Amino acid sequence: MLPVLKASPSPICPFASSSHLASISMSSSTGSEVLTQGTGYGVVLGIGFVFAVIMMGLSTLQNRYTTYKIATSEEFNTASRSVKPGLIASGIVSAWTWAATLLQSSTVTYEYGLCGGYYYAAGATIQIFIMAVLAVRVKMIAPYCHTYLEIVHARYGNTAHFIFATYGLIVNLIVSSMLLLGGSAVVNAFTGMNIYAANFLIPLGVCIYVILGGLRATFLCDYSHTLILMILILYFFFYTYTQADLIGGFEGMYQKLYQAGLERPVSGNQDGSYLTLKSNYGLTFMIIQITGGFGTVMLDQGYWQRAIASEAKTAVRAYIMGGVAWFAVPLTFSSIMGLAAVALANSPSFPYSGGLTTSEIDAGLAAPAAVVTLLGSGGAAAMLILLFMAVTSAASSEMIATSSILTFDLYQIHFKPDASPLALIRVSHVMVALWAVVMSCVASLWNGIGVSLNWLFLFSGTLFTGAVGPIIFTVVWRQQTKVAAIGGAIGGMFIGIVCWLVVAKQYYGELTIMTTGSMYPNLAGNMGACCSGAIISAIITLIKPDNEFDWSETKKINPRAREMERRRATAANSKSMSNDEDEPSSSGKDKSEATTRASSVKEDSSVDVDLENYESLRKSLKVAIWASSIMTLIVIFLIPIPMFLSHYIFSLAFFKAWIIVCVIWLFVAACITSVLPLWESRFAMIDIFRGLAKDTIRRLPNERSSV
């Protein structure tokens, strides 16, 4: 999810002077600091530790009343590959809802008008739909892998594995520090809390509950975060459009937006209107959002982790539902707070007299300003909780994802291939804590040197999107070679950098930090890297394809998990032996680990997916391809392009219909992410409650006898 681009071709300076940073801080403090520092520390520390305590309780219940034990590395890092589609969809929405999702979708709406939120959502949704296809492929070719990088290693060896692991860690580092920067900036703006303290305290509670509960803990917390997110956005909608006197309902909002287009026309929009999808800069923003988003999703282990954790038969459904649900979040939120900021910019109640300045826009203050104007300190507190939830839920995903890479792709593959499950779980815990410190330090570094993540994130797509094509081909194209994968990733990066510099030179006449941070150089760099990486890999493969590779090599990954799955299946048929089967002896584990690669060659039955399940996955793959293609066609072409080419400006009736459709979509998203997971888990919750009741009844006679 890319930060906002400027609506004018003027460049964005990535390094701000101390006076400029001070002015941003001052403007945020005087404009929207309506809560005390104590409130800021209370939210940051209190909510984090509350979730940590909740996870302690849930982990205890899970260990006692279910067959899934958190003490195993498979459960910690993959949730035993048993998560149902509703919870996966909820996790996708939570992981893809950064602070930037809410702040920047509102900011692009403030700059480009109503189209900004749509282009933001559309540009970052198609990657989730495509992940539905890749999720099925992972289940088909490597059903027991921990990370997508393990597939790279199985196919191409150490060199390619190291290169793509570097790409993956860079993406995780940028995303993690970006999350903290957004979260700490909002906490500082609302409460005046020290921004460096926020950088280190925000991950603290997250780190604790991730270590306590692993990946399943992040899913459960994702669910609670998404539930609160939906409730607050719906509250903001109904208050803004039905109760806020400053807005005046649908008619009042429409009239204020129409008047804003006359007083502050948008460059590149039809007649300067805020009520149109005909926006040159908005459409360009969507293109950059698409290319950069591919790198952020396809190279981020967090999104592959959800595919790995899902049940094989429901992975497609989970990702399609997740994409549909997430689309509603930035679309609806920006249609509320982004448009409210435009409508109220000239209001005496607006905290920034005369509207937002360039620095305040860059700071992402459109939504906070609108909330403070409409709801005062109560709205600021709700917005603070909302954004804090967005930051912590996405941060938990990044922590467990990076921990998986460092544990399985670094420690196990390169340092200790025969590591025991106990050693792996300990390393995973250490890596979660280590990454919490690293992301805090890097975020503080960006704050200290004054680097603008707007520039950094836009440019970073030029660095890593060249690897997107080779990674997709690794999963779907048997004939891709090691040279093609490496050549595409590195070649795409170099071509992207050349395009970035050439366009900056040709368009602005000079190469400076300012010119390279503008719109068109970054558009060229992102598209050049993304497209050329795939093209280079395809050409090299077609010239000299690998006709000998067999997918059985990737199915050999992690035979220990395959054996655990067999034991779990046996335990399900024989409850009396479930405890013994779920906790194999250490000698059995050592023996399994020692024969990992040797036995996998001989035991074809342990390598191949059973025929019935494989046929089911093939059908799911077809469904995924068709569903993702149709959804992409609708979201990217059928809705925006006709309205763009017709230069249509919304009428009052069409505006009402647009907003109503947005909120209906959000209700559907709330059902998918909040109601469906409860329904799917009803039997598990009943079993847990029965277990609690039995234990309680057993304790009562003992307590009476002791008295």
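Everything below is about the structure shown above.
The following refers to the structure shown. All values reported here derive from a predicted model rather than from experimental measurement.

1. Observations concerning the overall build of the protein chain
Argument step 1. When helices and strands are tallied, the protein chain shows 32 helices and zero strands.
Argument step 2. A burial count over the protein chain gives 61% of its 707 residues as buried.
Argument step 3. Summed over its atoms, the accessible surface of the protein chain is roughly 26400 Å², and 66% of this surface lies on carbon and sulfur atoms.

2. Quick notes on the packing of aromatic side chains
Argument step 1. What the rule picks out here adds up to 29 aromatic pairs.
Argument step 2. For the pair Tyr507 and Tyr508, a centre-to-centre distance of 4.9 Å together with 70° between the ring planes defines the contact as edge-to-face.
Argument step 3. Owing to a relative accessible area of 23%, Tyr508 belongs among the partly exposed residues under this scheme.
Argument step 4. Put simply, the rings of Tyr118, Tyr119, Phe327, Tyr648, Phe650, Phe654, Trp658 and Trp665 touch in pairs and so form one group of aromatic residues.
Argument step 5. Its guanidinium or amino end placed over the ring of Trp551, Arg137 lies 5.1 Å from that ring's centre, counting from NZ or CZ.
Argument step 6. Taking NZ or CZ as reference, Arg155 lies 4.3 Å from the ring centre of Phe549, over its face.

3. Structural notes on the nonpolar core
Argument step 1. Formed by 203 residues in total, the largest nonpolar core has its most connected members in Phe164, Met383, Phe655 and Trp658.
Argument step 2. At 22 residues, helix α16 (residues 366-415) tops the list of elements feeding residues into this core.

4. Considering the packing of helix α5 (residues 99-112) against helix α6 (residues 115-123)
Argument step 1. Relative orientation of the contacting elements α5 and α6 amounts to 135°, with a least axis distance of 7 Å. Our classification of the angle between α5 and α6 gives oblique. The interaxial crossing formed by α5 with α6 has right-handed handedness. Here α5 contributes Ala100, Thr101, Gln104, Ser105, Val108, Thr109 and Tyr112 to the contact with α6, which in turn contributes Cys115, Gly116, Gly117 and Tyr120.
Argument step 2. Of the residues belonging to the contact of α5 with α6, the class tally is five nonpolar, six polar and no charged.

Definitions and cut-offs
- Residues numbered from 1 in each chain as written.
- Predicted model: local features only at pLDDT ≥ 70, side-chain atom pairs only at ≥ 80, totals over all residues.
- Heavy atoms only, no water.
- Helix = DSSP H or I, 4+ residues; strand = E, 2+ residues; numbered from the N terminus.
- Buried < 20%, exposed > 50% of the residue type's maximum accessible area, 1.4 Å probe, protein only.
- Areas by Shrake-Rupley, 256 points an atom, 1.4 Å probe, with all protein chains shown as cover.
- Phe/Tyr/Trp six-rings, centres within 6.5 Å; stacked < 30°, edge-to-face > 60°.
- Lys NZ or Arg CZ within 6 Å of the ring centre and 35° of its normal.
- Core = buried A, V, L, I, M, F, W, Y, C linked by side-chain atoms within 4.5 Å.
- Axes fitted to C-alpha atoms, helices over the stretch in contact; angles between N-to-C directions.
- Parallel < 35°, antiparallel > 145°, perpendicular 65-115°, else oblique.
- Left-handed = near helix turned anticlockwise from the far one by under 90°.
- Contact = heavy atoms within 4.5 Å.
- Nonpolar A, V, L, I, M, F, W, Y, C, P; charged D, E, K, R; others polar.

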